[in-house]
Amino acid sequence: MPVTIVLGSQWGDEGKGKVVDALAEGADYVVRYQGGANAGHTIRLPDERQYVLHLIPSGIFHSNCICVIGNGVVIDPVALRTEIQMVEEAGFTVKGRLFISHNAHLIMPYHRQLDKASEARLASGTNGQSVGTTGRGIGPAYEDKFSRKGIRIVDLLDRASLREKLRHNVAEKNELLKKFYASDELCDVDQIIRDYEVFDEEMDPYITDTALMLCKAVGEGKNILLEGAQAALLDIDFGTYPFVTSSNPTAGGACTGSGIPPTAITDVVAVVKAYATRVGNGPFPTELLDETGERLRARGREYGATTGRPRRCGWLDAVAVRYTSMINGVRSIALTKLDVLSGESEIKLCTKYERTSDGKILDHFTTDLRALAGIRPIYESYEGWSADALDGISRRADLPPVVERYLSAIEKEVGAPLGLISLGAGRNESIVEEDFLAARSLA
Ligand code: GDP
Ligand code: IMO
Ligand code: MG
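Criteria and thresholds
Residues numbered from 1 in each chain as written. Chains lettered and ligands numbered in written order. Predicted model: local features only at pLDDT ≥ 70, side-chain atom pairs only at ≥ 80, totals over all residues. Heavy atoms only, no water. Domains from an automatic or database assignment. Buried area = accessible area lost by both parts, 1.4 Å probe. Salt bridge = Lys/Arg side-chain N within 4 Å of Asp/Glu carboxyl O. Polar contact = N/O pair within 3.5 Å; in protein donor to acceptor, adjacent residues only side chain to side chain. Helix = DSSP H or I, 4+ residues; strand = E, 2+ residues; numbered from the N terminus. Buried < 20%, exposed > 50% of the residue type's maximum accessible area, 1.4 Å probe, protein only. Contact = heavy atoms within 4.5 Å. Near = heavy atom within 4 Å. Areas by Shrake-Rupley, 256 points an atom, 1.4 Å probe, with all protein chains shown as cover. Nonpolar A, V, L, I, M, F, W, Y, C, P; charged D, E, K, R; others polar.

A look at the domain arrangement of the protein chain
Structurally, the protein chain comprises domain 1 (3-98 + 209-438) and domain 2 (105-205). On a C-alpha basis, the centres of domain 1 and domain 2 stand 29 Å from each other. Carbon and sulfur atoms make up 57% of the area that domain 1 and domain 2 hide from each other, which totals about 2000 Å². Sorting the residues of domain 1 by area buried against domain 2 places V74, P77 and R81 first, and these three jointly supply 26% of that buried surface. One salt bridge connects R81 with E202, and the closest N-O pair in it is separated by 2.9 Å. Counting across the interface, domain 1 meets domain 2 through ten residue pairs in polar contact (both at pLDDT 80 or more). Only β6 (74-75) and α2 (77-89) provide two or more residues apiece to the side of domain 1 that touches domain 2. Looking at which element gives the most residues to the side of domain 1 that touches domain 2, the answer is α2, with four residues.

Take a look at the structure:
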């Protein structure tokens, strides 16, 4: 039975929430496997209500779905509490449907403080370039995880040991905040303990061994969607380091972040925006710093779902998406926001790079930032289509030939077929291919 990874193939905000929500109709489980509340996944329900999820998987608005927050996620209890309330107020049951890994690490107040302090320091440094993080404490929480100081949900059970670990961590972080970052906003151990004891009670009904739960589900042939957050070009190993997040949004992270073994994965779907966006700093070869970029931002409402920051906009970079498809073993593409391009007289697709120093043509993406700074995108130009050309279309065969030309070019350049073409933010505003549905047993 299908175990499908749905992941971002650019720099995030491709519309993963929309796609996962659309596919969740036929799913038994939807699983988040990495990242934390840095993610902002927007879902528009058929009645037009719109919600942004940061931690809860995007299957929560389907009563048939069990939602799992896997061990690879870093959990901010304040964000989780707010989100559970939001979903319940929307009229959906969370208890008995949301399960959280006992091995997931917790974000602590000092992680958020250190994230902001580190960013401020980088911004005031010699090159003035911060990463442009979401300020949600993600990097510092993963730092603690990998230096084996992190506090996991399971640690909340043993209060004496929790106090001991917290005292040690808070002493260390306060020292860092005070001495290195010259901050006078320090953390209070007792306050953290009081707060996290309350969180422990609140989270208790949701906590379980989710790896065991998911492996059983795989054994029973359940239909499982693994929902990536962030995206491949923000991956700590395969992204544009250091302008990346601190986890592995790529396909490998789906296994380590959930406990589902690699041999159980049956499909990998890349969510690709029909143009490109990026929030935060770092290279973006096809960025448009002109009126076209502004038009895409305005028409695509490209403002961060988590931080509200304006997103940088540009043309679709097929060199970059070809690279992320290779890394992820992508079998099909869910193309989103095609409607946003409607009304453009010309649409460009970057298919190669040219090295400016010697004119050499490059087919492959590189994560070497110096090399990336020395390339210019080579575009193929496509005729645009009218503002209403996509209205009312539900089959790919009915799309005007000009639109089809752009879609076929994406398939050819990336090397994977389009399984889903999203024409609007709503759950049902997509063209979905029969075989794509069949691969997830929805047909
Ligand atoms: P995610 O982080 O990948 O889930 O994406 P975000 O939710 O951060 O950003 C995607 C934005 O585009 C959201 O506002 C969605 O509601 C919206 N969206 C998704 N698919 C489409 C689409 O096909 N057309 C349009 N116009 N908007 C879309
Ligand atoms: P979704 O899941 C877009 C970016 C930040 C910053 C870098 C590191 O909604 O696609 P972090 O807070 O993770 O340490 O920030 O990663 N970033 C995202 N950009 N969408 C996201 O999530 C992102 N999550 C992190 O802007 O450049
Ligand atoms: Mg987002």
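Text resumes after the structure shown.
Focus on helix α10 (residues 318-328)
In an α-helix, one full turn covers 3.6 residues, which means residues spaced three or four apart are oriented alike. For α10, the tally of buried residues reaches eight of eleven residues, placing the bulk of the element in the interior. Taken as a whole, α10 has its buried residues at A318, V319, A320, V321, Y323, T324, S325 and N328. Taken together, the buried residues of α10 touch β1 (3-8), α8 (251-256), β11 (267-273), β14 (316-317), β16 (346-355) and α12 (401-414). Between the side-chain oxygen of the N-cap and the backbone nitrogen of V319 there are 3.0 Å, and the N-cap of α10 in question is D317.

Let's talk about the site of ligand 1
In the vicinity of ligand 1 lie 18 residues, with G15, K16, T42, D339 and S422 positioned nearest. Within the contact set of ligand 1, an oxygen atom lies 3.1 Å away from a backbone nitrogen or oxygen of G424. Calculation on ligand 1 without its partners gives an accessible area of 590 Å², and the protein chains cover 91% of this total. Residue assignment for the shell around ligand 1 shows that the elements contributing at least two residues are α1 (16-23) and β3 (41-44). At three residues, α1 tops the list of elements feeding residues into the shell around ligand 1. In terms of residue class, the shell around ligand 1 is built from four nonpolar, seven polar and seven charged.

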